[in-house]
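Understanding the architecture of this molecule
In case you want the letters, here they are:
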Amino acid sequence: MKKTLIIFGYVAVIVAAYFFGSLSVKKVPSSEPTQTENATTRAVTDTAKLYGKIVKLDSKNAELRLVEWVQGSDNQEQTAFETGRCTLERIEKDECLPNPFFIRETQKTLTLPMTPDIKIQVLSPGPSGEIKQDEQLNTVHREINLADLAKMLENHDFAEQIPFIFTTKDGSIIKIEEQYIP
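Let us look at the structure shown here. Computed from a prediction, not measured in an experiment: that's the story for all the values here.

Turning our attention to the overall build of the protein chain. Secondary structure summary: the protein chain contains five helices and six strands in total. The order of α-helices and β-strands along the protein chain, N terminus first, is α-β-β-α-α-β-β-α-α-β-β. Looking at the 182 residues of the protein chain, the share that counts as buried comes to 27%. Here the contacts in the protein chain between residues at least 6 apart in sequence split such that 60% fall between residues at least 24 apart.

This is the structure in structure tokens:
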């Protein structure tokens, strides 16, 4: 009987030590990657911004070819590699992206109506043909009308190369702004 009590006592001590140890040990995070929801907050503006190039423009509608504005040097390098613009060797030598931007072309097109009071801003030319900048080296925009934009787009090189930012509200374009590319 005494032997049974001693064995029972040892078992009780071992069980108590196990439970106490498991409660006092900090959980080590799993090495498995986990995905969490990124709850970013954004102010409600009732507008959206799209990046694109103008394919066709008339007095009521604009046909856009959407582009992706890639931010962050690592993302830009990966995008340049994925699109075949650059090789891995050139990325490693930092020879791919001389400017801090990358625009990924897409094949997505979209035709949107324009509001009658649309605002159009393009970059102002400087005295020697370069883009005009203010004292803080910010680019200077100027407002133009739809007819002037259509005339600028007649230059095929301009239309193919220059991206714009399109601000929309209720499914219509309310503002077109030429995007500066260094």
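Picking up after the structure, the text goes on.
Time to look at the pattern of salt bridges. Pairing between side chains of opposite charge can happen when their charged atoms approach one another. Scanning the entire structure with this criterion turns up five salt bridges. In this structure, Glu68 and Arg104 form a salt bridge, with 2.8 Å as the shortest nitrogen-oxygen distance. Taken together, the positions of Glu68 in strand β2 (residues 61-70) and Arg104 in strand β3 (residues 102-123) put the pair 36 residues apart, joining distant regions of the chain. Taking the shortest distance from any N to any O, the salt bridge between Glu177 and Lys175 comes out at 3.9 Å. Glu177 gets classed as buried once you look at its relative accessible area, which sits at 18%. On the basis of relative accessible area, Lys175 is assigned to the partly exposed category, the value being 25%. Among the charged side chains, a salt-bridge network with shared partners connects Lys53, Arg65 and Glu105.

Bringing helix α2 (residues 73-82) into the picture now. Taken together, the buried positions of α2 are Gln76, Thr79 and Ala80. One face of α2 carries all of its buried residues, which in axial projection span an arc of 100 degrees. Elements that come into contact with the buried residues of α2 comprise β2 and β3. Looking at the residues trailing α2, positive phi occurs at Gly84, about 80 degrees.

Moving on, we get to the nonpolar core. Counting residues in hydrophobic clusters, the biggest one holds 20 residues, and the most contacted among them are Leu149, Phe164, Ile173 and Ile176. Sort the elements by how many residues they give to this core and β3 lands first, with five residues. Filtering out sequence-adjacent residues up to four positions away, Ile176 remains in contact with Met114, Ile118, Lys119, Ile120, Gln121, Leu149, Phe164, Ile165 and Phe166. Formed by seven residues, the second largest nonpolar core is a distinct cluster that contains Val70, Cys86, Ile91 and Cys96.

Our next topic: unusual backbone geometry. Even without a glycine there, the phi angle at Asp170 is positive, about 55 degrees. With respect to the helices, strands and loops of the structure, Asp170 is situated in the loop between β5 (164-169) and β6 (172-178). The exposure class of Asp170 is exposed, given its relative accessible area of 74%.

Cut-offs used in this document
The residue numbers shown here count from 1 along each chain, following its written sequence. Restriction of local features to residues with pLDDT of at least 70 applies here, the model being predicted, together with a cutoff of 80 or more for giving and counting side-chain atom pairs; totals for whole chains, interfaces and linings are based on all residues. Water and hydrogen atoms were dropped before computing side-chain values, which therefore reflect all heavy atoms in the structure. Helix and strand labels come from DSSP, where a helix needs a run of H or I of at least four residues and a strand needs a run of E of at least two; each type is numbered from the N terminus. The buried label applies to any residue whose accessible area, calculated with a 1.4 Å probe on protein chains only, is under 20% of its type's maximum; exposed applies above 50%, and partly exposed to all values in between. Contact definition: two residues touch when any of their heavy atoms are within 4.5 Å. Salt bridges are defined as contacts in which a side-chain nitrogen from Lys or Arg sits within 4 Å of a carboxyl oxygen from Asp or Glu. Think of the arc as the fan of directions from the helix axis to the C-beta atoms. Throughout this description, the term nonpolar core refers to a set of buried Ala, Val, Leu, Ile, Met, Phe, Trp, Tyr and Cys residues connected via side-chain atoms within 4.5 Å.

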